[in-house]
Amino acid sequence: MGRDSSVQSSLVATSSSDQASGGKNSRDDSKRKRRRLRRVSTKRPKYRRPVVRRISTKILGKKKPVRKKNPLQWLKAASSRAAGPSPVARSAGGPAMPAAPNATGPNSTYGPDDDYDADEKTPLQEDIYGGSRRSIVPETKKWDVFRVLPPDNDSGSEANQRCLEITVKIVKVIVYIVTFGVVLTCGVIAKGTTLFMTSQLKRDKSVDYCNKNIGLDKTWQVQLPDVEKVAWVWCLFFCFITPEAGTLFRSTRMCFFKSVRRPEFAHFLVVVLFESLHTVGLALLIFFVLPDLDAVKGVMLTNCVCIVPGIFGMLSRTNKESKRFLKTVCDIAAILGQASGFIVWPIVEYQRGNVNACWAIPLAVVLTSFGWWENYVDRKSRVKTIQYLGTIKEKMKKTRYWTYLFVSLWKVMVFFACMVLFMYLRLDDVNDLFSKFTDSFDEHKLFVNETSSAPISAVTDTANFDRRFADTKTIFSDSSAAIYVCFIQIFSAYLAYIFGKFACKICIQGFSFAFPVNLTIPVTLSLLLMSCGLRAGDACFLRDTIPGYLFFECPSGDYIKDFIAGEHVWIWVLWLFSQTWITLHIWTPHCERLAATETLFVTPMYNSLLIDQSLSMNRRQDDEPERLDSDTRVIDPDDPDGTQHYETISIHTDSSQTANVKPSDHITRIIACATMWHETQDEMMEMLKSVLRLDEDQSAMKVAQEYLKVRDKDYYEFETHIFFDDAFEMSDEDEDEQVANRFVKLLVECIDEAASHVHQIPIRLRPPVKTPTPYGGRLTWTLPGKTKMIAHLKNKMLIRHRKRWSQVMYMYYLLGYRLMELDISVERKEIMADNTYLLTLDGDIDFQPSAVKLLVDLMKKNRNLGAACGRIHPVGSGPMVWYQLFEYAIGHWLQKATEHMIGCVLCSPGCFSLFRAKGLMDDNVMKKYTLTSHQARHYVQYDQGEDRWLCTLLLQRGYRVEYSAASDAYTHCPEGFSEFYNQRRRWVPSTIANIMDLLMDYKATIRINDNISLPYIGYQSFLMAGTILGPGTIFLMLVGAFVAAFRIDNWTSFQYNVYPIIIFMVVCFTLKSSIQLLVAQILSAGYALIMMAVIVGQTLQLYEDGPGSPTFIFLMATILFMVIAAILHPQEFKCIIPGFIYLLSIPSMYLLLILYSLINLNNVTWGTREVLAKKTKKELEEERKAAEEAKKRPDGILGYLYNTQPVDQDGSIEFSFANLFRIMCCTYPKQINEREQLKRIADSLDALNRRMDQVEGSGHHHRKRSFSRSSAHGGIGTVKEDGDAGSESDSSTSETSGEPKEKRDQLKNPLWIEDKALRKGKVEYLQPNEVQFWHDLLEKYLFPIDEDKAEKARIANDLAELRNQSVFIFFMCNALYCLIVFLLQLNKDNLHVNWPLGVKYNITLIEETGQVLINKEHLQMEPIGLVFVFFFALILIIQFLAMLFHRFGTLSHIMSSCELTTCCSSEDKDTPEEMLRKNAVEIVKNMQRLRDDRADSYDGENRLARRRTIQNLVNQQQKRQPIGTLDVAFRKRFQQLSSHTSEATPILGNMRRMSLRADALRALEQRKNSVMQEKQKKKMETLGVGNPYNKKRLRVSNVSAVESLQGAFVAPNGLPNGATNDGYENSSGDEAPHGARAGVTWQDPELGGRR
């Protein structure tokens, strides 16, 4: 190892001497070692990383000893700087997000040659908190021991979490049962109706007829004519073409609105050939074979159509399969079982005289079985033909819809031709199929003939039929019977398919899909046998349900005895089991949650005539996402067997790219990016608690994977970045320096409180690491779950502020610098970008980890998904919040759900959305998002609605944006009227601008985006028209309502309503914003009162018009739709209650707000969360002088007339009157007296002296917001803390007058890092490459824009011009619309449309003549009003239907995420290992909790009397506040696990979700014992803290050290080893002696240490 090895060996050798020596010698040796390491480790001679001198702090009157840096850590640091990160330092789950190459700062996660850094090992094994896991705080006085405990988790996202989980589980149990019942019932009905229709096609079909109405003492039979059979033939044809029409429609939609590929012509011909054979065989089976068989035999024969899939499946097996020989034997047995159908029944039918059955039955079942060839071929087969078919199968995944666009039409034509051919052989005249088509579906005569007393066994025997008839009666057929049966068959088959697919999507396939599908034929057979038996004994059986002349073709003779024994029906059992074996894959699905239909099924639709065979053999058996092959992936030295990495690749992944891809690249990485500005403490708390919950959830999955070896399918890596806008303010001591503002300090204060709330125990996190940066600064916390939370503090003097530029900042940093700068292959970057997601958050958001997982599910389901958003719930109090509750609910229930279903969601709000990194990095997205606003419309579209614009860019690039109603998030909304109006002032114009941008470029968007179609563009155009004409519509509504409510004429009502609007527009154009808002608030209150009167008047008008009026119908339909929507959202049903407030606010929100937003279009300020910035001394002095001058001004009108300008001239002649005015003649400059002149000179000299002092102190100058880049390469001065820092500050302050002040370097020693409010965390510095990145980024995209007065004036003029144009267009559109509709309303008597409903009849009796006159009075509507009523009604209906479909999708999403082990398998049959696997994450979550539930756990009536209040207070006074680390708490409990003593497992013992706690404890104990045995067997070396026995030689295995868990828990002397949580474990509060920690011998097996 050369020079590095010698130095590293010397470090290990001197470690023991360091332990023996103490005090100054030890510190000197440590310094010498660090100096040697620096000389060895660095490869950059121009840069030497500075070392921050550690300052001892006084705690409890004593100096805390400085804990020496671990030599091994220094050694690792040297190794990583010299040769990249060590492979030992890899994480089991992969990194949270890559850092830049060669980065050694707090964010370094990836190195240039590998995926992991040493820091990724620490979350589970090493001590990242510097030894002790607690923060030493001053001892609490005994008189001040009283506590405030963290409150229970009852925030918006947690309030109903438990109730929701229970409800979801109950609903899933119901879904299990209902889905099972529907699939089974519909399958039986579809199968039965198919056989019912084929039974009517038998030659000389005759049925016993009920004798109740035509002669009870006689027996009757009816023979079906050909005209009756024609109807059933066409019904079978319609049943076949229905799913084919669905395939055609789906293929057409995919080909025209999405991107599909054309297949090779040879492949196309192969598919056409197989589908043709299948169609011919199905037609032969339906029209020729089944009509000649009885229904019982027919239903059995349908189990015999699997021979070709069985053969192909056997030939597709490879040598890599386990138990291949046994499976092949079973395949052969199944094929022979299927082949027995070619022999047994043809022989039986031949003996009965059915000669055609000898060839028809084998040919029909073989040809029919060709339809499912694709699901049973594999290109890995050893047979060349199967390999070729497997290749076609793989390519069909991309060409299927283009192929089936023609195949579906071809199949219909082939089936029709075969139908005509076989009917030619069965009917007397095949022309009857067409000539008697209409007659067959009308009533026609049937002849019922009396029969002699023939035995029952001969009821269907047609021999000597005419001789046995003595009497004949005529009946008429039921014209609708065939239609009803056809619709029942079509509907039941479709339901069976839909519910079967639903069961597969939500992962309940075994019980609710496979089981009912396999039961379909046995249940159908049982029902047929029962029905035939009852019908044979009573011809009137089902007389009221089925027409008497129609029934199944039942077996003859003694069907119970002779049929089973004599006709070899027992062979059906062999067919049933053979089909079950061939379709065994449906019992073991491997698909992901909410898998696409293309993933679940081979062909787009189903075969309705053989529904159960279609569902089972069309269900893909290769539905499992492709995994990396062990022979193609890169072997990880830490994980040679690949056990640590389990994430799978999507089915669409190109396997050619996997050569250079590592398994860890596919791990889901979630990076939370929160933007903050001026949030309050409560708002910050909600966001921090949400992040901490994610930290806890990720820790549980990571611990379960590392310690319990259980891999959770939802595993993800996580880290948080907070981007704090305008985070600095001017220092009180020095106006030239910047310090963190009060909002940053508030964030630092809130983090401990938030952690205490989440973990339900007082927690103090480690002080944040401070890092000066070119854009301001950075604070880095390590959370209890050991994920990172980094707050980026933006200085608006160094970087652009506002939310859009924060988004640009984190996109370029996280995706540009930390990903694209990696020294890895392009393929790896591609995979990592596809599996990396940015979770955008606002600073006040509140959510649960499950909400994020639901969004990740959507991302994994659809690779083309660029963004996904959840359901946003407004939080707050007051009438404005109540209004927004209803508004948000309606917007999500109807608008977003409709956009999701028929196209794409247009806006994924930045408060809670998930963005795919690959989508953001695409062309015309991230780069275009950095555009600086130079035009007036850019300020509206880009800066006022940044979230919507980013989604617009994604849509225009071809990505999809979706909405998940199950992913709930809670955000604070405006509570005041002015704040709400200012927020919507930004939203309304930006929404209109972005939608118009999309609509104007709709052709290009449709061409590139498969999810946006022309109908969707039309829908958005209608909504845009409604938005523009909304104020006019509301105005006309008010005019009509005034007429109805106040009984005034139209013109008077028009005037009353137009005056307030004109006044408001004038106010908005002329007065400032505060006055506008005041007027808007007054008018809104007045309109609310008027709306109450309007509601009363409209109610009276509706009473007069009646329930048939269009207004009544529209109103009731709207209310009904809203109520149904609320019922379908039971958790949000309360949101409909504020609907009354919403109704009263309609004029304000849809008239005044729109006017206010458009007229203030030129106002591009943010408008919310505005605070006053701290002012400089100069500004304060100017304000003081202005105030003093204002005091001199008289009050009232005299003050208005008073001249405040200084008088600089005198006049020879002056006239004045009471100082109201002054007239000067022959003016000349006023002479300045000597006193004033000397004062001005003194002021100028003072200013000059100050400037000279600054020049002498600074040396050379840069402008205020520019700093030298060389600061990153220079030395770092000592950072003073606590008392030392304060003394230095005092001394420097005292010396300011005598010496020039030294200017601080903002990348070395900025003033803000010395702020005590930010706590005493250590200081780290950026690497040169990252410093260079930030300088380049700032220079190119983010440098603050200098205020150019001329440019600013131009933009202001352009914005005013844009405002004027927009208002003019908007005003003219609404004015023309209102004028046309109002004039039509005035002339309604001449130009109107009579409403057909609600007609009133006026009856007049003329007494003189006795005449009765009846006049009809129609409600009249003007044409334009009628068009708009229908327009809004159509929009409402579309949204309602889309909401229904979206609710079904949401239910699927929720059900798929909920696991019910009791419904899948019996827990009491599970082994302990299986129990552990199913509940590992839940167990870890309970075992890693920092709170001990045994404290104060008293129940019963006297729980308060038994509470140990004083003892708890004394313990609190003695115990130091711990720093919580979740993995240490888990290891503590894991070590003490015992299945006999519940005291050793306090949290596991309280687990409510574990139904069998004893089994769980037994499984954990077995896992712990296996770990101990593994340790003894492999004798792995462990690292201990304060363990003198650690010098024992141990061998190190080549596998990951995490596998030897006991080495992390127990040392050879039985004491806890590794990183321990003293704050959690040591209740007495005594620390271990530091001398014990000094006796550690650090070894590294890679450096040639002892073995």
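Definitions and cut-offs
Residues numbered from 1 in each chain as written. Predicted model: local features only at pLDDT ≥ 70, side-chain atom pairs only at ≥ 80, totals over all residues. Heavy atoms only, no water. Helix = DSSP H or I, 4+ residues; strand = E, 2+ residues; numbered from the N terminus. Contact = heavy atoms within 4.5 Å. Areas by Shrake-Rupley, 256 points an atom, 1.4 Å probe, with all protein chains shown as cover. pLDDT = per-residue confidence, 0-100. Axes fitted to C-alpha atoms, helices over the stretch in contact; angles between N-to-C directions. Parallel < 35°, antiparallel > 145°, perpendicular 65-115°, else oblique. Left-handed = near helix turned anticlockwise from the far one by under 90°. Expected span 1.5 Å × (residues − 1). Buried < 20%, exposed > 50% of the residue type's maximum accessible area, 1.4 Å probe, protein only. Arc of directions from axis to C-beta. Pairing = 2+ DSSP bridges. Disulfide = S-S within 2.5 Å.

Visitor: With reference to specific residues and values, describe the overall build of the protein.
Guide: Broken down by element type, the protein carries 53 helices and 22 strands. Across the protein, the fraction of contacts at a sequence separation of at least 24, relative to all contacts at a separation of at least 6, is 80%. In the structure as shown, the protein presents an accessible area of about 76,700 Å², 58% of it carried by carbon and sulfur atoms.

Visitor: Please set out the confidence of the model for the protein residue by residue, giving values where relevant.
Guide: Across the protein, the average pLDDT comes to 75, with 71% of residues at or above 70. The low-confidence segment residues 454-463 (pLDDT under 50) makes 16 contacts with residues lying over four places distant or belonging to another chain. Contacts from residues 1542-1547, a stretch scored under 50 in pLDDT, to residues over four places away or in other chains number 17 contacts.

Visitor: Tell me about the packing of helix α16 (residues 509-537) against helix α18 (residues 571-582), residues and numbers included.
Guide: The N-to-C vectors of α16 and α18 enclose an angle of 160°; their axes lie 10 Å apart at closest approach. Taken together, the axis directions place α16 and α18 in an arrangement best described as roughly antiparallel. Both α16 and α18 take part in a crossing whose hand is right-handed. Between α16, through N518, I521, P522 and L525, and α18, the contact on the second element is made entirely by W572, L576 and T580.

Visitor: Give me the lowdown on helix α9 (residues 324-339), citing residues and values where you can.
Guide: Residues lying three or four places apart along an α-helix face the same way, a consequence of the helix completing one turn every 3.6 residues. For α9, which comprises 16 residues, the first-to-last C-alpha distance of 22 Å matches the rise-based estimate of 22 Å (1.5 Å per residue) to within 8%. Among all positions in α9, only D331, A334, I335, G337 and Q338 are buried. Projected onto a plane normal to the axis of α9, the buried residues spread over an arc of 160° and lie on a single side. Exposed positions of α9 whose direction lies more than 90 degrees from the buried face are F325, L326 and L336. Buried positions along α9 lie against α8 (307-315) and α18.

Visitor: Quick one: what's the story with the sheet that holds strand β14 (residues 836-842), residue by residue and with numbers?
Guide: Spatial strand order, β11-β12-β13-β8-β7-β14-β17-β16-β18-β15: ten strands in an open sheet with mixed pairing. Each edge of the sheet is formed by a strand with only one pairing partner; in this case those strands are β11 (769-773) and β15 (846-847). Against the sheet, helix α21 (residues 681-707) makes contact with β7 (668-676), β8 (716-724), β13 (788-794), β14, β15 and β18 (960-972), and its axis sits at roughly 160° relative to β8, the strand it touches most. Each of β16 (865-875), β17 (912-916) and β18 touches helix α29 (residues 946-956); the most contacted strand, β17, lies at about 35° to it.

Visitor: Residues and numbers for the state of the cysteines, please.
Guide: Each disulfide is one covalent bond, formed between the sulfur atoms of two cysteines. Inspection of every chain in the model, using the stated rule, returns two disulfides. Residue pairing for C210: its cysteine sulfur links by disulfide to C540, the two sulfurs lying 1.8 Å apart. Judged by the sign of its S-S torsion, about 80°, the cystine formed by C210 and C540 is right-handed. With C210 in the loop between β3 (206-209) and β4 (219-223) and C540 in the loop between α16 and α17 (562-566), this residue pair connects regions lying 330 residues apart in the sequence. The pair C210 / C540 is uniform in exposure class, with both members buried. At a sulfur-sulfur separation of 2.3 Å, the disulfide partner of C532 is C554. Between C532 and C554 the disulfide shows an S-S torsion of about -80°. By sign, it is left-handed. Placement of C532 in helix α16 and of C554 in the loop between α16 and α17 is noted, with a sequence separation of 22 residues between them. For the pair C532 and C554, one class covers both residues: buried. Each bonded cysteine in the protein gets a number by its place in the sequence, and the pairs come out as 1-3, 2-4.

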